[in-house]
Structures are given as C-alpha cells and as structure tokens.
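Here's the letter readout for the chains.
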Amino acid sequence: MLTEEELQKKWENLTFTDDFIFSRVMHDETICRQVVELILGVRIGKISYLSAQDEHKTDPDSMRIIMDVFLRDENRIITVEMQTGHKKELPKRSRYYQSVADVSTTPTGAKYRSLPDNILIFICTFDPFNRQLPRYTFRYTCDEEPKLKLKDGSLRIFLNTTANQLDNLDQKLQAFYHYLQMGVVESELAQTISASITTLKNNSLERRHYMTWAIKMADARYDGYDEGFEKGISVGLTTGREEGISIGLERGAYQTKLETAKMLLSYGDSSEKVAMCTNLPLDVVQGLIQVP
C-alpha cells in the first residue's frame, strides 16, 4: 500500500504523459483542440462533445474500455490515448477502440453513409513497432493494388515520442515531442500545457482525487493479480495472472470512480460537482447518496 508521503511525491513528479494528468489537461477544450490539430495537421470543426476518462461499451456483456480523451466535431469522432506501457496487443486494442467508438456513437436506424470519420491517436512513450519512426499512420489499402484506398473514414496514428529523428515533422510537432521527451518548453502549446499542470497541482481537490485514484488503481492491480492466479489454476492457463490483471484494471477503473465519488460526497461536495469531476452519470452519483 502506498503511503501518503509516497503519493505526495508521485503527485509532485507527475508530467503530461501520466494518465491522470493527461486526461485532466486534455479536458480543456482549447488545449485538446491544439494537440489534436497539431498531430493531424488539419483544423477540426466545432467540438460538440468532449470527455476524459469516460467509460464506453457496446452492450452490458461487452468489455468496458476507459478512453483517455474522446471528442466529436461535425465530421469526426476522435479518440486520443496516452500509452506509457508497451503492450503487445496494441494493434488489436486499437481495432477494438475504433469499433466501440463507432457503435457507441451510432444511433439505431442510421445509414452507413452517415458514419463520421473515425480517428484514433495513440501517443506512445515507446516505439510501438520498433522501426525508429516518429510516427506510424495506418489506413486500409488493397493488397493486390496498394494505390487503391478503402476510404472508409478510419485512421489510426501511433506517435513514437522516443524517436530521435524528427526532421520530417513540422517544427511545432517537433517541439511537442521535445516537451513529451524531456519537458522542454519551447512552444506556446508546451507553455499552455505546463501552466495547466501547475494549476492542477496547486489544486487541493485535484490532489485528493489523484491520491484516491492511485490507491484504488493499486488495489485493482493486486485484486486482478489474485483473480488471474485463481483463474489460471482453475482452467490450467499459464497466462491466468496477466488476464487477471487486465480484468482487475478494467473493473477497478470503474470502481475507482465510484469510490472517489463516495469520498467526495462525504466531504460535502454536490452531486453535480462530483459527477463532473469523476465523469460518472449524475443519476449514478445521486444513487450513491443513498448507499452507506
């Protein structure tokens, strides 16, 4: 279990690449727009929906995912994820994220032609494909005729922020890489992000949120480890522990929101404020008031 002193030290050392800070900072529409436009190299329209650390799933029995940042404009749905741990399943994870984004935003009876473009951006603090490229962009093409593009509106971008050769990138994007790599503030965007982080760290409520979140995430990892170990024994899987950790993290992420909401309610915060801080639906938060 993390001590309060350890949590305080972690809080002071958090950077933009930390999941908690990234989601909080990117919930600022101005910053989010600048980051997304910088990566895509195009202007995006009026943002009609923006959420951070929001839960998405296609049906009650499907796997939940917590998206770091999810937004919509008139023509696109865009998911932005900060990835700090090298996961072998990242390509299939990206496939699932895009499919969930499509299903969760498409109303019943909609025509296929009305589907907006679906863009997924993974900002990785490692090289996801070990090719030393600063950026990997994927679109569907025909094997038999590579010049033939499917043009289904889907796009996946993986940034390798550890890359050293950045000459082919726009200078502003290079500055963004330098900020992610070394914390070097050499652009207006980096200054804005840095100022936002400083404001967050001086906010006692945000510090309280983080400490509760960190404790619950640690508990989720331990619970997942134990669950996976038992599962591995019962079905004879040597990968049971890893599966359990994944299961525990998915369940723990939602449970973390609930526990954080309960704590904030106990401090006297309004249900509306708690819903805003935790990204839980208002009716769920209000329901917690009745739960001891």
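Reading guide: rules and limits
Residues numbered from 1 in each chain as written. Predicted model: local features only at pLDDT ≥ 70, side-chain atom pairs only at ≥ 80, totals over all residues. Heavy atoms only, no water. Helix = DSSP H or I, 4+ residues; strand = E, 2+ residues; numbered from the N terminus. Buried < 20%, exposed > 50% of the residue type's maximum accessible area, 1.4 Å probe, protein only. Contact = heavy atoms within 4.5 Å. Areas by Shrake-Rupley, 256 points an atom, 1.4 Å probe, with all protein chains shown as cover. Salt bridge = Lys/Arg side-chain N within 4 Å of Asp/Glu carboxyl O. pLDDT = per-residue confidence, 0-100. 1 Å grid on protein atoms, 1.4 Å probe; cavity = no way out; pocket = protein on both sides within 12 Å on 5 of 7 lines; lining within 4 Å. Points joined across faces, edges and corners; volume = space filled by probe spheres on them. Nonpolar A, V, L, I, M, F, W, Y, C, P; charged D, E, K, R; others polar. Axes fitted to C-alpha atoms, helices over the stretch in contact; angles between N-to-C directions. Parallel < 35°, antiparallel > 145°, perpendicular 65-115°, else oblique. Phe/Tyr/Trp six-rings, centres within 6.5 Å; stacked < 30°, edge-to-face > 60°. Expected span 1.5 Å × (residues − 1). Arc of directions from axis to C-beta. Pairing = 2+ DSSP bridges. Right-handed = clockwise from strand over helix to strand, strands pointing away. Core = buried A, V, L, I, M, F, W, Y, C linked by side-chain atoms within 4.5 Å.

### Quick notes on the overall build of the protein
Argument step 1. Regarding its fold elements, the protein presents 10 helices and six strands.
Argument step 2. By the burial criterion, 44% of the 292 residues in the protein qualify as buried.
Argument step 3. Put simply, of all contacts in the protein between residues at least 6 apart along the chain, 60% involve residues at least 24 apart.
Argument step 4. For the protein, the accessible surface area stands at approximately 16,600 Å², while carbon and sulfur atoms represent 50% of it.

### Focus: the pattern of salt bridges
Argument step 1. The tally for this structure, following the rule as stated, stands at six salt bridges.
Argument step 2. Here Arg76 and Asp73 are joined by a salt bridge, their closest N and O atoms 2.7 Å apart.
Argument step 3. Taking the relative accessible area as the measure of exposure, Arg76 reaches 16% and is therefore buried.
Argument step 4. Through salt bridges with shared partners, a single ionic network connects Glu29, Arg33, Glu37 and Arg43.

### Regarding the confidence of the model for the protein
Argument step 1. On average, the protein scores 83 in pLDDT, and the residues at 70 or more come to 77%.
Argument step 2. The secondary-structure element of the protein with the lowest mean pLDDT is helix H8 (residues 240-266), recorded at 63, while strand S6 (residues 154-160) shows the highest, at 98.

### Some details on unusual backbone geometry
Argument step 1. Positive phi outside glycine occurs at Asn130, with the angle close to 55°.
Argument step 2. With respect to the helices and strands, Asn130 occurs in the loop between strand S4 (117-124) and strand S5 (135-138).
Argument step 3. Using a relative accessible area of 51% as the deciding quantity, one classes Asn130 as exposed.

### Digging into the layout of surface pockets
Argument step 1. Of the voids in this model, the second largest pocket is the one considered here, and its volume is about 290 Å³.
Argument step 2. Listed by contribution, the elements that provide at least two residues to the lining of the second largest pocket are S4, S5 and S6.
Argument step 3. In terms of residues, the lining of the second largest pocket owes the most to one element, S6, which gives three residues.
Argument step 4. Looking at the lining of the second largest pocket, its residues break down into seven nonpolar, three polar and seven charged.

### What about the packing of helix H2 (residues 19-26) against helix H6 (residues 188-201)?
Relative orientation and spacing of two packed helices are given, respectively, by the angle between their axes and the distance between those axes.
Argument step 1. Two elements in contact, H2 and H6, have axes whose closest approach is 10 Å; the angle formed by their N-to-C orientations is 110°. By the angle between their axes, H2 is roughly perpendicular relative to H6. Of the residues in H6, those touching H2 at Ile21, Arg24 and Val25 are Ile193, Ser196, Ile197 and Leu200.
Argument step 2. Residues that form the contact of H2 with H6 fall into these classes: five nonpolar, one polar and one charged.

### So, the packing of aromatic side chains
Argument step 1. Tallied over the full model, the rule gives 13 aromatic pairs.
Argument step 2. Note on Tyr97 and Phe122: the rings are 6.0 Å apart at their centroids and 80° apart in plane angle, and the pair reads as edge-to-face. Here Tyr97 is found in helix H4 (residues 90-105), whereas its partner Phe122 is found in strand S4, with 25 residues between them in sequence. Both residues of the pair, Tyr97 and Phe122, count as buried.
Argument step 3. With centroids separated by 5.7 Å and ring planes inclined at 90°, the aromatic side chains of Phe138 and Phe158 adopt a geometry described as edge-to-face. One end of the pair, Phe138, is in strand S5; the other, Phe158, is in strand S6, with 20 residues separating them in the sequence.
Argument step 4. Given a relative accessible area of 39%, Phe138 falls into the partly exposed group.
Argument step 5. A network of ring pairs unites the aromatic residues Tyr97, Phe122, Phe129, Tyr136, Phe138 and Phe158 as a single cluster.

### Re H6
Argument step 1. If you check H6, its first and last C-alpha atoms are 20 Å apart, about what 14 residues at 1.5 Å a residue would give, namely 20 Å.
Argument step 2. When we look at burial in H6, the residues that qualify are Leu189, Ala190, Ile193, Ser196, Ile197 and Leu200. Along the axis of H6, the buried residues cluster in a sector spanning 125°; they form a single face. Residues of H6 that are exposed and point over 90 degrees away from its buried face: Glu188 and Thr199.

### Section: the pairing of strand S3 (residues 76-83)
Argument step 1. Judged by how many residues are buried, S3 sits mostly within the fold: eight of eight residues are covered.
Argument step 2. By the bridge criterion, eight bridges tie S3 to S4 in an arrangement that is parallel. Along S4, the bridge assignment pairs Ile77 with Asn118.
Argument step 3. For the handedness criterion, the β-α-β arrangement of S3, H4 and S4 is classed as right-handed.

### Observations regarding the nonpolar core
Argument step 1. If you look at the biggest cluster of nonpolar residues, it comprises 46 residues, and the most contacted ones within it are Phe16 and Ile193.
Argument step 2. The biggest single contributor to this core is helix H3 (residues 29-40), with seven residues.
Argument step 3. Not counting residues within four places of it along the chain, the set of residues in contact with Ile193 comprises Phe16, Val25, Ile31, Val35, Phe176 and Tyr179.
Argument step 4. If you look at the next biggest cluster of nonpolar residues, it comprises 13 residues, including Met67, Phe70, Ala101 and Phe122.

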